[in-house]
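Summary of structural features
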Amino acid sequence: MKEAVSKYVKSGDLLFISGAQHGAPAAAIAEIIRQKIGHLAVITCLTNTNYLIGEGLVDRLITGYSLLNESRSYGLQKARAANKFPAIEESSHFAIALMLYAGYIGVPFMPTRSLLGSDMAKYNAENIKAIECPFTHTRVGLVRAVVPDIGILHVQRADKDGNAQKWGTLGVDLEGINASKKVIVTAEEIVDSDVIRRDPNRTLISSFRVNAVVEQPFGSYPGHLAGCYNDGPGALMPVLRQADYETNVRESIYGVNDWDEYLENLKKKNGADFLDKLRLKDPVYSEPVASGYETLGGSEK
Amino acid sequence: MTQEIKSNYSASDQMVVSAARQIRDNDVVYAGVGLPMQAALLAKNHNAPNCTIVIENGIVRSNLFPIPVATDTLGSQAFADQLSGLFHVMCLGQAGHINTGFLGAGQIDRFGNLNDTCVGDYRKPIHRWPGSGGGDDIMSSCARTIVILEQDRRRFLEKVDFVTCPGYFDGQPGRREEIGLVPNTGPTAVITNLGIYEFENREMVLKSVHSGIGVTLEKVKAETGWDLKVSLDLKATEPPTEEELRIFREKIEKVRAARARLKGEMAPPGQ
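Owing to the predicted nature of the structure, the values given are computational and were not obtained by experimental measurement. (Residues numbered from 1 in each chain as written. Chains lettered and ligands numbered in written order. Predicted model: local features only at pLDDT ≥ 70, side-chain atom pairs only at ≥ 80, totals over all residues. Heavy atoms only, no water.)

Some remarks on the overall build of chain A
Each helix and strand in chain A was counted, giving 10 helices and 12 strands. Burial analysis of chain A (301 residues in total) assigns 54% to the buried set. Of all intrachain contacts in chain A linking residues separated by at least 6 positions in sequence, the fraction that spans at least 24 positions is 75%. A total of about 13400 Å² of accessible surface is found on chain A, and carbon and sulfur atoms cover 52% of it. Distance between charge centroids for chain A: 4 Å, based on 33 positive and 36 negative side chains. (Helix = DSSP H or I, 4+ residues; strand = E, 2+ residues; numbered from the N terminus. Buried < 20%, exposed > 50% of the residue type's maximum accessible area, 1.4 Å probe, protein only. Contact = heavy atoms within 4.5 Å. Areas by Shrake-Rupley, 256 points an atom, 1.4 Å probe, with all protein chains shown as cover. Lys, Arg positive; Asp, Glu negative; His and termini not counted. Charge placed at Lys NZ, Arg CZ, Asp CG, Glu CD.)

See below:
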């Protein structure tokens, strides 16, 4: 993780954070903060950016929905006090998805019927415009493409080459990670490539687009990840008190070498089975589907 | 609200029940967390068993599920008809396949313009809400958008401080179409802790007051920041039926309370 982040996340980068309320790359974000990689622009949807902002690393936040109420977040207060509060480029959920989609498909903008007449269009006019449609001659909104310098995706499984598979809700993962110039994949488990190739519809991004892959169990803690674990305590709670904020930052970031050490400390503090208890004991499995044929095997067969 | 009348239900019960009644069988409903989700699930359990519930992160469900504490949980994902992404869900909406949207709001004005962004000047806000999320997208694309919010003079304003989701702008005909919004979309009903509103000539008109919990027309007017239009056939809001209350409490509130307790037991250690 250390190498992947130091090699591919650079000061001044436009960073895409995947995992809209599901499977955010918490361990990778902690490593970015640990390495104090700053002056970032961040585009994300429904992930917790309060620690990145609180530690003064974000210059610009491209958002459709974020906790921006400073009276409810010590992280925001800390950034404000340090004069490190990010510039906000505000739109909507769909706009964020469309900006990333435009980046993904390689066009400079996407038309939309959203945002027209809203004050987001007024205050974020650099990125939201309206034109007359050349075909229908009606008014249509436009959002500017976003091509992140670096995208980080956490998944349930990937192979060592970076073929990455995620299931459950995907938020803006597909659009955002495929729009990104460089890609870091973190995975609960590195599996044999054969596991990937027996179920290739699940692959969100394939190895030739991935720069680094890191195995990181509980890489989304305290968030949930389908098929893996449920939310940990406090997953949905904003951090209001300075003491809680600083404790979290110390315990999960600055006071440990890496995420695994943090997880070990959680177990020491809360019981050896603390993390294991987050794994639900009654998983239901999907029906296997025929996805290949022995006689049509690849070169390894 | 005056408490002289004793009732076996609360204002929020009335809001959820009234909102659920807006959902028709076979509707495709976009529901956010909180009262909208409670209303959608009550409808699914009762008056609209064939409705489809769409949740922002990519969840499409035609079956029941336990009330989630957030839009995306293992429970709201599990056994869905379809799990995709936010892009897909919003595309469904923009293409006209989600006919009913449910939104909360921080502020509303007489023409149904909503503010989910800030109190005061955007550049120097007195208070910040999280912003549009899918709100603007839903209001821009659904045939019917139903707004649920607590009513008081700070929220019911002559003019909202920021237009996050345009309603009917200044109320003149054709404004939504002029600016490029999809024809025949926009807010159609507003449900508050005091009454129910519909739109006539693009302006909010009070249709009923929750007199069953002691709300009066005077109270409603006192909590409205403009010269409120009142329907000529103003009614008392139909109170929740025994059956609606029973289903709401057994199928939704109980689960919600149990989850809240569970969260409480998992006292935050490091996080």
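After that view of the structure, there is still more to cover.
Notes on the pattern of salt bridges
Residue and element names in this part refer to chain B. A full pass over the atoms with the stated rule returns 35 salt bridges over all chains. Linking arginine 110 and glutamate 158 is a salt bridge whose minimum nitrogen-to-oxygen distance equals 3.4 Å. Of the two residues, arginine 110 is situated in the loop between β6 (107-108) and β7 (114-115) and glutamate 158 in the loop between β10 (144-148) and α6 (175-179); the sequence distance between them amounts to 48 residues. Residue glutamate 158 is classed as partly exposed on the basis of its relative accessible area, which comes to 45%. Within this structure, Arg110, Glu158, Glu203 and Lys229 form a network of salt bridges that share partners. (Salt bridge = Lys/Arg side-chain N within 4 Å of Asp/Glu carboxyl O.)

As for the packing of aromatic side chains
Under the defined criterion, the tally for this structure stands at 15 aromatic pairs over all chains. An angle of 20 degrees between the planes, with centres 4.4 Å apart, marks the rings of A:Tyr101 and B:Phe87 as stacked. With A:Tyr101 in helix α5 (residues 93-105) and B:Phe87 in helix α4 (residues 86-94), this residue pair bridges two chains. Ring centres of A:Tyr123 and B:Tyr122 lie 4.6 Å apart, and the angle between their planes is 45 degrees; on these two criteria the pair is classed as tilted. With A:Tyr123 in helix α6 (residues 119-123) and B:Tyr122 in the loop between β8 (118-119) and β9 (127-128), this residue pair bridges two chains. The positively charged end of A:Arg80 is found above the aromatic ring belonging to A:Phe85, 3.9 Å away from the centroid. Seen from the ring of A:Trp167, A:Arg202 lies directly overhead, with NZ or CZ sitting 5.2 Å from the centre. (Phe/Tyr/Trp six-rings, centres within 6.5 Å; stacked < 30°, edge-to-face > 60°. Lys NZ or Arg CZ within 6 Å of the ring centre and 35° of its normal.)

Points about a nonpolar patch on the surface
Taken together, A:Tyr104, A:Ile105 and A:Val107 make up a surface patch of nonpolar side chains, about 220 Å² in accessible area. Mapped onto the elements of the fold, A:Val107 is located in the loop between α5 and β5 (109-112). (Patch = residues over 30% accessible without salt bridge, like charges linked within 9 Å, V, L, I, M, F, W, Y side chains within 5 Å.)

Overview of the pairing of strand β3 (residues 58-63) of chain A
All names here are of chain A. By the bridge criterion, four bridges tie strand β2 (residues 40-44) to β3 in an arrangement that is parallel. Of the residues in β3, the one forming a bridge with leucine 40 is valine 58. Note that β3 and strand β4 (residues 87-90) share four bridges and pair parallel. Bridging across to β4, arginine 60 finds its partner in alanine 87. (Pairing = 2+ DSSP bridges.)

Describing the pairing of β2(A)
Residues and elements named next belong to chain A. The buried fraction of β2 is high, at five of five residues. Note: strand β1 (residues 14-17) against β2, four bridges, orientation parallel. Counted as the bridge partner of phenylalanine 16 is isoleucine 43 from β2. Remark: the β1/helix α2 (residues 26-34)/β2 crossover connection has right-handed handedness. (Right-handed = clockwise from strand over helix to strand, strands pointing away.)

Describing the environment of B:Gln77
By the secondary structure assignment, B:Gln77 is in helix α3 (residues 74-77). Accessibility expressed as a relative area gives 4% for B:Gln77, which makes it buried. In this structure the C-alpha to C-alpha distance between B:Gln77 and B:Ile55, which are 22 residues apart in sequence, comes to 9.5 Å. Beyond its immediate stretch of four places on either side in the chain, B:Gln77 contacts A:His22, A:Gly168, A:Thr169, A:His224, A:Ala226, B:Ile59, B:Arg61, B:Asp72 and B:Leu83. Within the structure, the side chain of B:Gln77 is placed 2.9 Å from the side chain of B:Asp72, a separation counted as a polar contact. (Polar contact = N/O pair within 3.5 Å; in protein donor to acceptor, adjacent residues only side chain to side chain.)

A few points about the sheet that holds strand β7 (residues 139-144) of chain A
All names here are of chain A. Taken in spatial order, the three strands of this open sheet run β5-β7-β6, and their pairing is antiparallel. Because the sheet does not close on itself, it has two edges, and the strands there are β5 and β6 (128-132). With direction set aside, neighbouring strand axes in the sheet form an average angle of 35 degrees. In the sheet, β5 pairs with β7 via four bridges, with the strands oriented antiparallel. Directly across from phenylalanine 109, in β7, lies its bridge partner arginine 144. Across the sheet, α5 lies against β5 and β7, angled at about 140 degrees from β5, the strand it touches most. (Axes fitted to C-alpha atoms, helices over the stretch in contact; angles between N-to-C directions.)

Focus: the interface of chain B and chain A
Contacts between the two partners involve 51 residues from chain B and, on the opposite side, 60 residues from chain A. Summed over both sides, the interface between chain B and chain A buries roughly 4500 Å², with carbon and sulfur atoms accounting for 59% of that surface. Where chain B touches chain A, the interface holds one salt bridge. A salt bridge links B:Arg128 to A:Glu90; the nearest nitrogen and oxygen atoms lie 2.8 Å apart. Counting across the chain B and chain A interface gives 25 residue pairs in polar contact (both at pLDDT 80 or more). Within the residue set of the side of chain B that touches chain A, elements represented by two or more residues are α3, α4, β9, α5 (135-141) and α6 of chain B. Among the elements that take part in the side of chain B that touches chain A, α4(B) stands out by supplying five residues, more than any other. Split by residue class, the side of chain B that touches chain A holds 24 nonpolar, 18 polar and nine charged. (Buried area = accessible area lost by both parts, 1.4 Å probe. Nonpolar A, V, L, I, M, F, W, Y, C, P; charged D, E, K, R; others polar.)

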